[in-house]
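If you want the building blocks of each chain, they are given just below.
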Amino acid sequence: MPELVEVEEYRRLAQHAALGRPIAKVDAPDAWYLKGGLTARAVKSALKGRSFTHARRIGKQMYLDTDDDGPVLGLHFGMAGRLIVDGRAAITDLWFASNKELTKWDRFVVHFADGGDLRMRDSRRLGAVTLDPPESKLGPDALNVTLGQLRIALGKSTAPLKTRLMDQRRLAGVGNLAADEALWRAGLSPHRPANSLDERELRRLARHLRKTMEDLLARGGSHRGDFMPARVPGGVCPKDGTPLVHDYVGGRSTFWCPLHQT
């Protein structure tokens, strides 16, 4: 967390509340948070006097374009990052993260000339701020992925299906919770080799993956899927009552049903 769904909410907040406002100054107190060789002095110089013109998202990455062909501000939210504009948080109930409103966790702040601001608040300090990040390294966005794009993303890989779905270079935006939800809905084992799906299974996965992303976005959180209440130690499958297996795929905690996920 946050996953695609949460970052889309951040993007919508920025689109609504942060565009067209001249930037008066930038606070970047945490050098660790600036990536790609970026320094506090450089980001302040690059953004001061400009305005954000568009808020975009690819997968779990957010981008703020600036006017007059200025730089793109890239925001990565890690496990606990939140976006706050003028004191309003797009998401207030992240899983596995503190939702306390503590300014000591503000890693990056853009102050607008009108007195408002945009803040990256991150209790776990795992997010990042960059300028002109390489967007081409990301795969197609999971919210709009087509059957053909999914087929290419899985390719001939023998890696576990869940691992391949979460590879942001292949498919951008599928996080741990969304992957478990989509595979449970599609009836596919997370351990299946990615290249083992036949055409019918591939179509089923594409359909359920898109519907999962749409449902989670409509419900306002990656943790609000149909499978999530059962995704706990000792949980049973909501479809058939089978005790769930809890293991690890690609180093990520994974829950799945051994009866209908084959």
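I will try to describe carefully the structure that is included in this document.

What counts, and at which threshold
- Residues numbered from 1 in each chain as written.
- Predicted model: local features only at pLDDT ≥ 70, side-chain atom pairs only at ≥ 80, totals over all residues.
- Heavy atoms only, no water.
- Helix = DSSP H or I, 4+ residues; strand = E, 2+ residues; numbered from the N terminus.
- Buried < 20%, exposed > 50% of the residue type's maximum accessible area, 1.4 Å probe, protein only.
- Contact = heavy atoms within 4.5 Å.
- Areas by Shrake-Rupley, 256 points an atom, 1.4 Å probe, with all protein chains shown as cover.
- Pairing = 2+ DSSP bridges.
- Axes fitted to C-alpha atoms, helices over the stretch in contact; angles between N-to-C directions.
- Salt bridge = Lys/Arg side-chain N within 4 Å of Asp/Glu carboxyl O.
- Phe/Tyr/Trp six-rings, centres within 6.5 Å; stacked < 30°, edge-to-face > 60°.
- Lys NZ or Arg CZ within 6 Å of the ring centre and 35° of its normal.
- Core = buried A, V, L, I, M, F, W, Y, C linked by side-chain atoms within 4.5 Å.

This part covers the overall build of the chain. The number of helices and strands found in the chain is six helices and eleven strands. With respect to the three principal axes, the spread of C-alpha positions in the chain is 60 × 35 × 30 Å. Per-residue burial over the chain gives 56% buried out of 262 residues. Expressed as a percentage of contacts within the chain between residues at least 6 apart in sequence, the contacts between residues at least 24 apart total 66%. Here the chain displays about 11500 Å² of accessible surface, and carbon together with sulfur accounts for 52% of that area.

We now examine the sheet that holds strand β9 (residues 128–131). Strand order in this open sheet of four strands is β2-β3-β4-β9, and the pairing throughout is antiparallel. Two strands bound the open sheet, and with one partner strand each, they are β2 (52–58) and β9. Ignoring strand direction, the axes of neighbouring strands in this sheet form an average angle of 20 degrees. By the bridge criterion, four bridges tie strand β4 (residues 73–76) to β9 in an arrangement that is antiparallel. Bridge assignment links Gly 74 to a residue of β9, and that residue is Thr 130. The sheet strands contacting helix α1 (residues 4–17) are β2 and β3 (61–66), and the helix crosses β2 at an angle near 170 degrees.

Glancing now at the pattern of salt bridges. When charged atoms on two side chains of opposite charge get close, those side chains can pair. Within this structure, the stated rule accounts for 27 salt bridges. A salt bridge links Asp 117 to Arg 119; the nearest nitrogen and oxygen atoms lie 3.1 Å apart. Owing to a relative accessible area of 12%, Asp 117 belongs among the buried residues under this scheme. In this structure, Lys 211 engages Asp 215 in a salt bridge whose closest nitrogen and oxygen atoms are separated by 2.7 Å. Remark: Asp 215 and Lys 211 occur in helix α6 (residues 199–219); sequence separation between them is four residues, near one turn of the helix. Under the relative-accessibility criterion, Asp 215 is labelled buried at 13%.

This part is about the packing of aromatic side chains. Counted by the stated rule, this structure contains three aromatic pairs. Pairing Phe 52 with Phe 112 gives two aromatic rings, centres 6.4 Å apart and planes at 90 degrees, and the pair type is edge-to-face. Highlighted residues: Phe 52 in strand β2 and Phe 112 in strand β7 (residues 106–112), separated in sequence by 60 residues. Over the face of the ring belonging to Trp 32 we find Lys 35, whose NZ or CZ atom lies 3.7 Å from the ring centre. Over the ring of Trp 184 we find Lys 239, and its NZ or CZ is 4.9 Å from the ring centre.

For the rest of this paragraph, the subject is the pairing of β4. Pairing analysis gives four bridges linking β3 to β4, with the strands arranged antiparallel. Following the sheet pairing, Tyr 63 is matched in β4 by Gly 74. Linking two consecutive strands that pair antiparallel, namely β3 and β4, is a turn of six residues; a positive phi of about 55 degrees is found at Asp 68 within it.

Moving on, we come to the nonpolar core. Counting residues in each nonpolar core, the largest one holds 30 residues, and the members touching the most others are Met 62, Leu 64, Leu 75, Leu 83, Phe 108 and Val 129. If one sorts the elements of this core by residue count, α1 sits on top with five residues. Among all residues touching Met 62, those that are not within four sequence positions of it are Val 7, Tyr 10, Arg 11, Ala 14, Arg 56, Arg 57, Leu 73, Gly 74, Leu 75, Phe 77 and Leu 83. In terms of nonpolar packing, the next biggest core, distinct from the first, is built from 29 residues, Ala 178, Ala 182, Ala 206 and Leu 209 among them.

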